Amino acid sequence: MENRRYGGNTANKRTKNAADRKWLAAVFVVAVILTACQNTETKTAASATVPEEQQSDSEIGTEMPHDKMTYDDNATDNRSRDEKIYAYEVRTRVDSSAYAVITGFCEGYEEYFDPGWEIVFPETLGGAVVTEFAPDAFRNVPLGDHSRRVRVSSDVVSVGAHCFENCGIEAVTFDRQDLSGSDPAAPLAIHERAFADNPELWGIYFSDRTVILEDEVFAGCAETGYLCYMVFRDMPSEMAAPLKAYAAQTSWDAVEIPAYDSNTALVDYPETPLVLKPETGSFFHGENMYDAERWFERSDDAPDYGFPEWHVPCGEFCAMQSWKYEIEASSTLPSADGRYAAAHLNYWSGREHAWAEGAPGNGIGERIRITTNCGYNDTQTLGTKGTALFLDGDIEPDIYDGYMRYTQICIVNGYAKNQQTWEKNGRVKRMLLCVEDRPFAYLELEDTINPQYFTLPFGAIKSPDSVDIHFEFTIEDVYEGTTYEDTCLSGLVIDFMGRRGH
């Protein structure tokens, strides 16, 4: 499939995520509680800038009792439980300060280990702050059998080589640092192949950490992934350039996570409008096909186009409280039954309807304006702004941080009811895309009846939860029809990341 959203592993993800959706709604509540607790704790970070000296009497937490600890809110019991799960060493620095290094799991850890939504590694062990993961600590250990998401304390400053290699994880979050103290924050060093060979690992959130990445940290991970970092209003992140450079070595993206609420769309305009060319896709059956097994089957005579996520019943849009997608046109060809209305450009009309401009001539200068937003009517239920969550959608994963990132535009050119009707009417050759009434890109369309997909620069166009964003498309050139002068479009839909499924 030419379109990036329909990669070769789509079927596998759809099968895997079917099970996830059954329990994802329930674990949302757990995630709220976990995130709230982590965001309100006061952390005292141990300095890691002094060279270490390992003591001969280092404490290693590997002893297992016979009685099983119960879960409660008592801090002592929680510490005892952690020390029955994680093997560790307490080491001292030359200044005699102590720190803990997680070296793996204790023997028989499964008896006490029930991470639920995500594996949250302890902040202290043996009375010392955890600041490191040892090399090979969890290499080849099937963490994914327990949870595919892991969370690491902000006190951690080193993840050893091969530490999480081949563990079956999908997402990693490094907690935000407490910068209220006077000591400068230590950088986070992630050593060679620390997360390599996790083929489903696609989301890493470094929060506000300064990160040093060694070679092949994410080698053998998902084909497309995201290195996310926090940005503050009017304060560019020092991690932007190095993470973008690191991501550029692969097919991954570096993603800004805004740490503030905004009431306006956030658009990174190019100095001059981009020139975007499409990838040609094909039509698919969608839920109009009675046989659900054939919803994603593609053929030239199928009725639907756009993005399958929008078609699956009770899919990624069911969790939203509101979704706006309003379409207006500068002119419309009159008809008794309204068959040429601009509203037909939305995906649910299929190929049987189209918009036709109604101005004299061939439609050059006519415009389509789309006003859209996606909302949950909250300020990010699963965490505060500046917290990225990596969720399994119905078709592929999705970043949720309270901002919607517009990623692709699907256009069905001409009146695509059938080949004969398509040839008789005019089609669009070139359009100017304006975002929030400022030029952003030129779209150069091919003269084909098949759906065309234009990929937008990732993260360049985003809008907060429930905040309107406006896209306007102006016809600049056309392909002439054999019979009619009117220019038509059958579909115009804009896809985005930031929705969440269940």
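Residues numbered from 1 in each chain as written. Predicted model: local features only at pLDDT ≥ 70, side-chain atom pairs only at ≥ 80, totals over all residues. Heavy atoms only, no water.

1. Notes on the overall build of the protein chain
Rules: Here a strand is any run of E in DSSP of at least two residues, a helix any run of H or I of at least four, and the numbering for each starts at the N terminus. Between buried and exposed lies partly exposed: a residue is buried under 20% and exposed over 50% of the maximum accessible area for its type, with that area taken using a 1.4 Å probe on protein chains only. Should any heavy atoms of two residues lie within 4.5 Å, those residues are considered in contact. Surface accessibility in these figures is a Shrake-Rupley result with a 1.4 Å probe; residues are shielded only by whichever protein chains are displayed.
The helix and strand inventory of the protein chain stands at four helices and 30 strands. Across the 502 residues in the protein chain, those meeting the buried criterion constitute 55%. Pairs at least 24 residues apart make up 74% of the contacts formed inside the protein chain by residues separated by at least 6 positions. Of the roughly 21600 Å² that the protein chain leaves accessible, carbon and sulfur atoms contribute 48%.

2. Brief notes about unusual backbone geometry
Its identity is not glycine, yet R193 carries a phi of approximately 55 degrees, on the positive side. Along the chain, R193 turns up in the loop between β11 (188-190) and β12 (203-205). Of the residues examined, R193 reaches a relative accessible area of 15% and is grouped as buried. With phi around 60 degrees, D197 is a residue other than glycine that occupies positive phi space. Considering the arrangement of structural elements, one finds D197 in the loop between β11 and β12. Exposure remark for D197: the relative accessible area of 31% places this residue in the partly exposed category.

3. Let's talk about the sheet that holds strand β29 (residues 469-479)
Our working rule: Here, strands pair whenever DSSP counts at least two bridges between them. Axes, fitted as lines to C-alpha atoms, cover a helix only where it is in contact. Angles between the N-to-C directions of the axes lie from 0 to 180 degrees.
Here we have six strands laid out as an open sheet, ordered β17-β26-β25-β29-β21-β19, and mixed in their pairing. Looking at strand neighbours, the two that pair on one side only are β17 (274-276) and β19 (322-329), the edges of this open sheet. Averaged over all pairs of adjacent strands, the angle between their axes in this sheet comes to 25 degrees, without regard to strand direction. Relative to β29, strand β25 (residues 427-435) runs antiparallel, the two being bridged by eight bridges. Paired with M431 across the strands is I475, a residue of β29.

4. Here's the deal with the pairing of strand β7 (residues 128-133)
In terms of burial, β7 is largely enclosed, as six of its six residues are buried. With three bridges joining them, strand β4 (residues 98-105) and β7 adopt parallel strand pairing. Each bridged residue has a counterpart across the sheet, and for V101 the counterpart in β7 is E132. Two elements, strand β6 (residues 124-125) and β7, share two bridges in a ladder whose sense is antiparallel. In the strand pairing of β7, L125 is matched with A128. Taking the residues between adjacent antiparallel strands as the criterion, β6 and β7 are bridged by two residues, where G126 takes a positive phi near 60 degrees. Bridge analysis of β7 against strand β9 (residues 158-159) gives two bridges, and the strand direction is parallel. By the bridge assignment, F133 is partnered in β9 with V159.

5. Quick look at the sheet that holds strand β8 (residues 149-152)
Pairing within the open sheet is parallel, and its six strands lie in the order β5-β8-β10-β12-β14-β15. Unpaired on one side and paired on the other, β5 (119-120) and β15 (253-258) mark the two borders of the sheet. Here β5 runs beside β8; their pairing, made up of two bridges, is parallel. In the strand pairing of β8, V120 is matched with R151. Against the sheet, helix α3 (residues 240-248) contacts β14 (226-231) and β15, and its axis sits at roughly 170 degrees relative to β14.

6. Examining the environment of L345
Within the secondary structure layout, L345 lies in the loop between β19 and β20 (355-356). Exposure remark for L345: the relative accessible area of 0% places this residue in the buried category. Measuring from C-alpha to C-alpha, the distance between L345 and L489 comes to 7.1 Å, with 144 residues separating the pair along the chain. Residue contacts for L345: discarding those within four places in its chain leaves Y305, I327, W355, I368, L489, S490, G491, L492 and V493.

7. What to know about the nonpolar core
Which entries qualify depends on this criterion: Definition of nonpolar core: a set of buried residues of the types Ala, Val, Leu, Ile, Met, Phe, Trp, Tyr and Cys, connected through side-chain atoms within 4.5 Å.
By size, the foremost hydrophobic cluster in this structure holds 55 residues, and its most contacted members are I409, F440, I461 and F473. For this core, the element with the most residues is strand β24 (residues 403-413), which contributes six residues. In contact with F473, other than residues within four places in its own chain, are E366, R367, I368, I370, I409, M431, L432, L433, L443, L492 and I494. Y109, F138, I169 and I190 belong to the second-largest nonpolar core, a separate cluster that totals 52 residues.

8. So, the confidence of the model for the protein chain
Short version of the rule: Confidence of the predictor at the level of single residues is captured by pLDDT, which takes values from 0 to 100.
Overall, the predicted model of the protein chain reaches an average pLDDT of 81, with 76% of residues at or above 70. Across residues 1-73 the pLDDT falls below 50, and counting only partners more than four positions away or on other chains, this stretch makes 148 contacts in the model.

9. Some words on the packing of aromatic side chains
Which entries qualify depends on this criterion: Each aromatic pair joins two rings of Phe, Tyr and Trp (for Trp, the six-membered one) with centres within 6.5 Å, and gets the label stacked for planes under 30 degrees apart, edge-to-face for over 60, and tilted for any other angle.
Under the criterion given, the structure shown has 26 aromatic pairs. Measuring from ring centre to ring centre gives 5.0 Å for F105 and F138, while their planes differ by 70 degrees; the resulting arrangement is edge-to-face. Of this pair, F105 sits in strand β4 while F138 sits in the loop between β7 and β8; the two residues are 33 residues apart in sequence, bridging distant segments of the chain. On the accessibility criterion, F105 (16% relative accessible area) is buried.

10. Some thoughts on the side chain of N413
To keep things clear, this is the line we draw: In the analysis that follows, any N or O atom pair within 3.5 Å is treated as a polar contact, provided that within protein one partner can donate a hydrogen and the other can accept it, and provided that, for residues neighboring in sequence, both atoms belong to side chains.
Summarising the element assignment, N413 is placed in strand β24. Polar side-chain contacts of N413 include one of 2.7 Å to the backbone oxygen of V428.

11. Things to note about the pairing of strand β30 (residues 488-497)
The element β30 is extensively covered by neighbouring structure, given that 10 of its 10 residues are classed as buried. Here β20 pairs with β30 via two bridges, running antiparallel. Bridging from a neighbouring strand, A356 pairs with C488 of β30. Sheet topology note: the β24/β30 ladder contains eight bridges and is antiparallel. Paired with Q408 across the bridge in β30 is D495.

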